[in-house]
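Reading the structure
So the chains spell out like this:
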Amino acid sequence: MDENILDFKVEDAEFDAQAIAQVPSVLMSVDEINKQFITVVTVDFYNHSTETTQMSEGLRANYQTQFSFVNKVDNFYTNFLQKNSIKMDVYVSKNNAAV
């Protein structure tokens with residue numbers, strides 16, 4: 001069986017407090033965002049379980065997380081790579097709850 005390892009690294013991100021304050025589900029003021037802004041990123045790829053970065057604090061998040069996905073190389077996997085993408089979601093924490 002041929003296998004392929006896809007390494008995916010989430011290094012860092014820069015967030016804009018004004019833009020985040022306009023997201024309806026966040027419910028934080030710009031002042032709150034500037035004082036206490038914690039994020040985590042989730043990564044979904046192919047048929048693997050969802051992977052999660054470390055939490056990062058601040059508008060300049062520093063995740064430095066690498067994921068390695070081992071995959072059986074077959075036609076289905078090759079077609080998936082040609083037609084799909086890796087899904088990433090960013091979650092914001094407020095009072096120890098994701099918003």
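Before reading further, recall that the structure is shown in the block above.
Throughout what follows, the structure given in this document is the object of discussion. (Residues numbered from 1 in each chain as written. Predicted model: local features only at pLDDT ≥ 70, side-chain atom pairs only at ≥ 80, totals over all residues. Heavy atoms only, no water.)

1. Description of the overall build of the protein
- The helix and strand inventory of the protein stands at three helices and seven strands.
- In the protein, the succession of α and β elements from N to C terminus is β-α-α-β-β-β-β-α-β-β.
- Viewed in the frame of its principal axes, the protein has a C-alpha envelope of about 55 × 25 × 20 Å.
- Looking at the protein as a whole, 28% of its 99 residues are labelled buried.
- Put simply, 65% of the contacts in the protein that link residues at least 6 apart link residues at least 24 apart.
- Considering the protein, the positive charge centre built from 7 side chains and the negative charge centre built from 14 side chains are found 4 Å apart. (Helix = DSSP H or I, 4+ residues; strand = E, 2+ residues; numbered from the N terminus. Buried < 20%, exposed > 50% of the residue type's maximum accessible area, 1.4 Å probe, protein only. Contact = heavy atoms within 4.5 Å. Lys, Arg positive; Asp, Glu negative; His and termini not counted. Charge placed at Lys NZ, Arg CZ, Asp CG, Glu CD.)

2. Points about the pattern of salt bridges
- One pass over the full model with this rule turns up four salt bridges.
- The residue D31 makes a salt bridge to K35 at a minimum N-O spacing of 3.5 Å. Of this pair, D31 and K35 both sit in helix α2 (residues 30-35), four residues apart, roughly one helical turn.
- The partner of K87 in a salt bridge is D89, with the nearest N and O atoms 3.6 Å apart. (Salt bridge = Lys/Arg side-chain N within 4 Å of Asp/Glu carboxyl O.)

3. Details of the packing of aromatic side chains
- A complete count under the given rule lists eight aromatic pairs for this structure.
- Ring centres of F45 and Y46 lie 6.1 Å apart, and the angle between their planes is 45°; this geometry places the pair in the tilted category.
- Judged by relative accessible area, which is 23%, Y46 ranks as partly exposed.
- Taking 5.8 Å as the distance between ring centres and 75° as the angle between the ring planes, the aromatic pair formed by F45 and F80 counts as edge-to-face. Taken as a pair, F45 in the loop between β2 (38-44) and β3 (51-52) and F80 in helix α3 (residues 75-83) lie far apart in primary sequence, 35 residues in all. Like F80, F45 is buried.
- Through a chain of ring-to-ring contacts, the aromatic side chains of F45, Y46, F67, F69, F76, Y77 and F80 assemble into a single cluster. (Phe/Tyr/Trp six-rings, centres within 6.5 Å; stacked < 30°, edge-to-face > 60°.)

4. A word on the environment of S25
- Residue position: S25 is located in the loop between α1 (17-21) and α2.
- Between the C-alpha atom of S25 and that of V92, which follows or precedes it by 67 residues, the distance is 9.6 Å.

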